[in-house]
Amino acid sequence: MEWQMRAIRGATTVSENSIEAITEAVTELIDELEHRNQLQPEEMISVTFSVTRDLDAIFPAAIARSRSGWDNVAMLDVQQMHVEGSLQRCIRFLIHAYLPASTPINHIYLRQAAKLRPDWSLPQSLQPSHHVVS
């Protein structure tokens, strides 16, 4: 089996700049990432989280690092470049992982972030209904 470094993208939004809202959104995003990609932390090389300038209550990497196995993954938090009129209260990630070349990649775009990449997003009916924000 041939293995290669692969990149996985994802994003979500939060309703407010609070520790609770950001924790809920990051947890949901990572849960979906792991579930839909059958990804284990030991396969990850690095994770970069970016947040829009209106989010500063907690670092997404701090949330991820508290998960089992994620404390050994190299992570970085950065502020997303601001573009007037762009999506607000948005958290994005870019993950590099060492995976089999034949493994399909499922990029994760939830909540209002589904608008960023509709070609990679789940239809609203397939997203976790208890967390979908319209």
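Above: the structure in question.
Residues numbered from 1 in each chain as written. Predicted model: local features only at pLDDT ≥ 70, side-chain atom pairs only at ≥ 80, totals over all residues. Heavy atoms only, no water.

A. Spatial organisation of the layout of surface pockets. Put simply, the largest pocket is a space of about 200 Å³. Every residue lining the largest pocket is counted, 13 residues in all, and those nearest its centre are Thr 52, His 82, Val 83, Ser 86 and Leu 87. Residue composition of the lining of the largest pocket, grouped by class: 3 nonpolar, 6 polar and 4 charged. (1 Å grid on protein atoms, 1.4 Å probe; cavity = no way out; pocket = protein on both sides within 12 Å on 5 of 7 lines; lining within 4 Å. Points joined across faces, edges and corners; volume = space filled by probe spheres on them. Nonpolar A, V, L, I, M, F, W, Y, C, P; charged D, E, K, R; others polar.)

B. Fine view of unusual backbone geometry. Not every positive phi belongs to a glycine, and Gln 38 is a case in point at roughly 50 degrees. Tracing the backbone through its elements, the reader meets Gln 38 in the loop between helix H1 (19-37) and strand E2 (44-51). Residue Gln 38 is classed as exposed on the basis of its relative accessible area, which comes to 57%. Even without being glycine, Arg 111 reaches a positive phi, approximately 55 degrees. Mapped onto the elements, Arg 111 comes out in the segment after strand E5 (108-109). When its relative accessible area of 5% is taken as the criterion, Arg 111 is described as buried. (Helix = DSSP H or I, 4+ residues; strand = E, 2+ residues; numbered from the N terminus. Buried < 20%, exposed > 50% of the residue type's maximum accessible area, 1.4 Å probe, protein only.)

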